[in-house]
Amino acid sequence: MLNIVLFGPPGAGKGTQADRLVAKYGLLHVSTGEVMRNEIRRGTALGRQAEKQMEGGGLVSDELVLDIIADYLKQHGDAKGTIFDGFPRTTRQAEEFDRMLCDMGETVTVMISLEVGDEELVARLLNRGKDSGRADDLDESVIRNRIAVYKKQTEIVKEFYARQGKLEVIDGVGGIDAIFDRICRVIDKLEK
Ligand code: AMP
């Protein structure tokens, strides 16, 4: 199984690139943020729990997110491969994720980290907010908080995978096609 962690700050282009990777490699795609936005729309208990933290741009609790991933793995454990988008976002999530995969005889194949500078991220997210319908893309202070949360709590997860020799850093600035090619080169190398 190809288990790809697509990593990077908010606005790095993870969702855009994930859609293309799904089409090219026939992988599944799970975005913890998207799962929670769906739950919020449906008004479920999980959605109500996640909503407050998501509004301000903070992280939702590890437990909640780990439950979502455990559920995903239970349902899709036989997939050819999955792109994990926006997960793991804390070292604890990464450790628990390793344990869950290990129990299935699986492992993370690679972390692909898209690197983009802060001001470019803010500009991209404000632009996305014009038609994404996402409340957290509309307010510049929430956007800046999400970037700060990434730096404080999430960026360190790269070290977790670097220690395992699984980190691939990609320049996330440029045309969508050019960035996609950079990612594909990493994946094609894995498949050989
Ligand atoms: P995203 O769609 O990945 O930008 O995530 C949107 C929001 O959902 C984030 O700002 C967090 O509040 C929450 N979220 C998504 N994934 C996670 C995660 N793995 N851990 C904690 N919070 C998350």
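Now for a look at the structure at hand. If you're wondering where the values come from, they're calculated on a predicted model, not measured in any experiment.

## Some points on the overall build of the protein chain
- In terms of helices and strands, the protein chain carries 9 helices and 5 strands.
- Of the regular secondary structure in the protein chain, the N- to C-terminal order runs β-α-β-α-α-α-β-α-β-α-α-α-β-α.
- Taking 192 residues into account, the globule formula puts the C-alpha radius of gyration at 16 Å, and the protein chain, at 16 Å, falls close to it.
- Principal-axis analysis of the C-alpha atoms gives the protein chain an extent of 45 × 40 × 30 Å.
- Expressed as a percentage of the 192 residues in the protein chain, the buried residues total 46%.
- Relative to all contacts within the protein chain whose residues are 6 or more apart in sequence, the contacts with residues 24 or more apart total 73%.

## Regarding the site of the ligand
- Looking at the ligand, there are 14 residues lining it, with Thr32, Arg37, Gly58, Gly86 and Gln93 nearest.
- Take Thr32: an N or O atom from its side chain is 2.8 Å from a nitrogen atom of the ligand.
- The contact in question runs from an oxygen atom of the ligand to an N or O atom on the side chain of Arg37, over 2.9 Å.
- Protein contacts shield 96% of the accessible area of the ligand, which totals 480 Å² for the unbound molecule.
- Tallying contributions element by element places helix H2 (residues 32–42) first for the shell around the ligand, with 4 residues.
- Within the shell around the ligand, the residues separate by chemical class into 6 nonpolar, 5 polar and 3 charged.

## Describing the packing of helix H6 (residues 118–132) against helix H7 (residues 140–154)
- With their axes 10 Å apart at the nearest point, H6 and H7 run at an angle of 135° to one another. For the element pair H6 / H7, the angle class is oblique. Crossing angle aside, the handedness with which H6 passes H7 is right-handed. Here Asp118, Glu119, Leu121, Val122, Leu125, Leu126 and Arg128 of H6 come into contact with H7, specifically with Glu140, Ile143, Arg144, Arg146, Ile147 and Lys151.

## As for helix H9 (residues 176–191)
- Compared with an ideal rise of 1.5 Å per residue, which puts 16 residues at 22 Å, H9 spans 22 Å between its outermost C-alpha atoms and is within 8% of the ideal.
- If you check which residues of H9 are buried, you get Ile179, Phe180, Ile183, Cys184, Val186 and Ile187. The arc that holds the buried residues of H9, viewed along the axis, is 160°, so those residues lie on one side. Relative to its buried face, H9 has exposed residues pointing more than 90 degrees away, namely Arg185 and Lys189.
- Looking at the buried positions of H9, the neighbouring elements they touch are strand E1 (2–7), helix H1 (14–25), strand E4 (110–115) and strand E5 (167–171).

## Concerning the pattern of salt bridges
- The tally for this structure, following the rule as stated, stands at 21 salt bridges.
- Among the salt bridges present, the one from Asp62 reaches Arg92, with a minimum N-O distance of 3.9 Å. Separated by 30 residues along the polypeptide, Asp62 in helix H4 (residues 62–76) and Arg92 in helix H5 (residues 91–103) bring together distant segments of the chain.
- Arg144 is the partner of Glu119 in a salt bridge, and the nearest nitrogen-oxygen pair spans 3.0 Å. Pair noted here: Glu119 is in helix H6 and Arg144 is in helix H7, with a separation of 25 residues, a long-range link.
- Using a relative accessible area of 35% as the deciding quantity, one classes Arg144 as partly exposed.
- Each member of the salt-bridge network shares a partner with another, and the members are Asp62, Glu63, Arg92, Glu96 and Arg99.

Cut-offs applied
Residues numbered from 1 in each chain as written. Predicted model: local features only at pLDDT ≥ 70, side-chain atom pairs only at ≥ 80, totals over all residues. Heavy atoms only, no water. Helix = DSSP H or I, 4+ residues; strand = E, 2+ residues; numbered from the N terminus. Rg over C-alpha atoms; globule rule 2.2 N^0.38 Å. Buried < 20%, exposed > 50% of the residue type's maximum accessible area, 1.4 Å probe, protein only. Contact = heavy atoms within 4.5 Å. Near = heavy atom within 4 Å. Polar contact = N/O pair within 3.5 Å; in protein donor to acceptor, adjacent residues only side chain to side chain. Areas by Shrake-Rupley, 256 points an atom, 1.4 Å probe, with all protein chains shown as cover. Nonpolar A, V, L, I, M, F, W, Y, C, P; charged D, E, K, R; others polar. Axes fitted to C-alpha atoms, helices over the stretch in contact; angles between N-to-C directions. Parallel < 35°, antiparallel > 145°, perpendicular 65-115°, else oblique. Left-handed = near helix turned anticlockwise from the far one by under 90°. Expected span 1.5 Å × (residues − 1). Arc of directions from axis to C-beta. Salt bridge = Lys/Arg side-chain N within 4 Å of Asp/Glu carboxyl O.

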